[in-house]
Amino acid sequence: FSARICEAIAAFVDPETPQMKSTASIGVAIHPNDGADPEELLRNADLAMYKAKGEGGNAYCLFAADMQARARSAMSLETDLRTALANDEFVLYYQPQFDVSTNAIIGVEALLRWNRPGVGIVGPGAFLPQAEENGLIIPIGRWVLEDACRQARTWIDDGVLSGTLAVNISGVQVRRGDLVTMVREVLAATGFPAAQLELEVTEGFIMGETEQAVATLTELRDMGLTLA
């Protein structure tokens, strides 16, 4: 039945506008196993629907009990990430970049870690996907750029760094954050030279982006920094 609904919704598009596409993501919860009342059924169907969307959409997903546990875990992680920002729990590690012909350091790459209370140092794979999903990557990304540029500025002043500072940028920052303004503000506040800043974005993001996102990246490049 759910599959037929997906097919029916896909057929709603006007055949004269083939560039448009209509799809459905459906979550299914069944009484009584998945909920004792309408509110619980709707809540659990909603969890199943987001699972269908997360797997690419245009599909249906049946509710499973472990979805509640994952939802609670995601909410707990979001709360902890907000606390981490407020309590300055993030830390940057710096990976040197070498010229193999001279063995000289020609730059550094800033790598984000989370010093999570009770856990220790946590790599980005454990929390950045959630931060991208809930939008926290925007303030976290600003913190990363500010802290990295401030540290690298001191290395320049001390004669330690003459090359580039590489910082990873999330696709969410390009799509949803005012990235150009943020970069301008950070460079002005830290005194870090744009010519020595390299922003790294993934190939997959670039290949699938809209003209607006590409225009944002072009504007950043026109500021004098490098995109990798």
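Everything numeric in this text was worked out from a predicted model, so none of it was measured.

Student: Got a minute to help me understand the nonpolar core in this structure?
Tutor: Within soluble globular proteins, side chains that are nonpolar generally end up buried alongside one another. With 43 residues, the main nonpolar core has Phe90, Leu145, Leu165, Val167, Val183, Leu197 and Leu199 as its most contacted residues. For this core, the element with the most residues is helix 5 (residues 137–157), which contributes nine residues. Excluding residues that lie within four positions of it along the chain, Val167 makes contacts with Ala110, Val144, Leu145, Ala148, Leu197, Glu198, Leu199 and Glu200.

Student: Could you clarify how one ought to interpret the packing of helix 7 (residues 179–190) against helix 9 (residues 211–222) in this entry?
Tutor: Angle between the axes and distance between the axes: these two values describe a pair of packed helices. Between helix 7 and helix 9, the shortest axis-to-axis distance is 9 Å and the interhelical angle comes to 20°. When the axes of helix 7 and helix 9 are compared, the pair comes out roughly parallel. Regarding helix 7 and helix 9, the two cross each other, and that crossing is right-handed. When helix 7 is examined against helix 9, the residues Leu179, Val180, Val183 and Arg184 are found in contact with a partner set consisting of Thr216, Glu219 and Leu220.

Student: Looking at this structure, how should I read the packing of aromatic side chains?
Tutor: The geometry of an aromatic ring pair is captured by two quantities: the separation of the ring centres and the angle between the planes. Across all of its chains, the model carries five aromatic pairs by this definition. Relative to Trp114, the ring of Phe90 lies with its centre 6.1 Å away and its plane at 45°, an arrangement referred to as tilted. Of this pair, Phe90 sits in strand 3 (residues 90–99) while Trp114 sits in strand 4 (residues 104–116), and the two are 24 residues apart along the sequence. Across this residue pair, the class does not change: Phe90 and Trp114 are buried. These aromatic residues form a ring-pair network of at least three members: Phe90, Trp114, Phe127 and Trp143.

Student: It is not clear to me how helix 5 should be interpreted in this structure. Could you clarify?
Tutor: Residues lying three or four places apart along an α-helix face the same way, a consequence of the helix completing one turn every 3.6 residues. Its 21 residues give helix 5 an end-to-end C-alpha distance of 30 Å, which sits within 8% of 30 Å, the value for a rise of 1.5 Å per residue. Within helix 5, the full set of buried residues consists of Ile137, Ile140, Gly141, Trp143, Val144, Leu145, Ala148, Cys149, Ala152 and Ile156.

Student: Before we go on, may I ask you to explain the environment of Val167 in this structure?
Tutor: Structurally, the position occupied by Val167 is in strand 6 (residues 164–168). The sequence separation of Val167 and Glu200 amounts to 33 residues, and the corresponding C-alpha distance is 6.0 Å.

Student: Before we go on, may I ask you to explain the pairing of strand 7 (residues 197–200) in this structure?
Tutor: A regular strand places its side chains on the two faces of the sheet in alternate fashion. Side chains Leu197 and Leu199 project from strand 7 onto one buried face, and the interleaved Glu198 and Glu200 project onto a second face that is buried too. The sheet contact formed by strand 6 and strand 7 spans four bridges and is parallel. Looking at strand 7, one finds that Leu165 is bridged to Leu197. Across two bridges, the pairing between strand 7 and strand 8 (residues 226–227) is parallel. For Leu199, the partnering residue across the bridge sits in strand 8 and is Leu227.

Calculation criteria
- The numbering scheme is per chain: residues are counted from 1 as the chain's sequence reads.
- For this predicted model, a pLDDT threshold of at least 70 governs which residues receive local features, and a threshold of 80 or more governs which side-chain atom pairs are given and counted, while totals over whole chains, interfaces and linings are taken from all residues.
- Computation of side-chain values covers all heavy atoms of the structure but excludes hydrogens and water.
- Here, nonpolar core means buried Ala, Val, Leu, Ile, Met, Phe, Trp, Tyr and Cys residues that are tied together by side-chain atoms lying within 4.5 Å of each other.
- Burial classification: accessible surface area is computed with a 1.4 Å probe over protein chains only, and a residue below 20% of its type maximum counts as buried, one above 50% as exposed, and the rest as partly exposed.
- The helix and strand labels rest on DSSP assignments: H or I over at least four residues marks a helix, E over at least two residues marks a strand, and numbering proceeds from the N terminus.
- We call two residues contacting when some pair of their heavy atoms lies within 4.5 Å.
- For every element, the axis is a line fit to its C-alpha atoms; helices are fit only across the contacting stretch, and the angle between N-to-C directions ranges from 0 to 180 degrees.
- Throughout this description, any angle smaller than 35 degrees is read as roughly parallel, any larger than 145 degrees as roughly antiparallel, any in the 65 to 115 degree range as roughly perpendicular, and the remainder as oblique.
- Throughout, a crossing is termed right-handed when the near helix is turned clockwise from the far one, and left-handed when it is turned anticlockwise from it by less than a right angle.
- Centres within 6.5 Å make a pair out of two Phe, Tyr or Trp rings, where for Trp the six-membered ring is used; the pair is then stacked when the planes are under 30 degrees apart, edge-to-face when over 60, and tilted otherwise.
- Every helix has an expected span of 1.5 Å times one less than the residues it contains.
- Any two strands between which DSSP finds at least two bridges are classified as paired.

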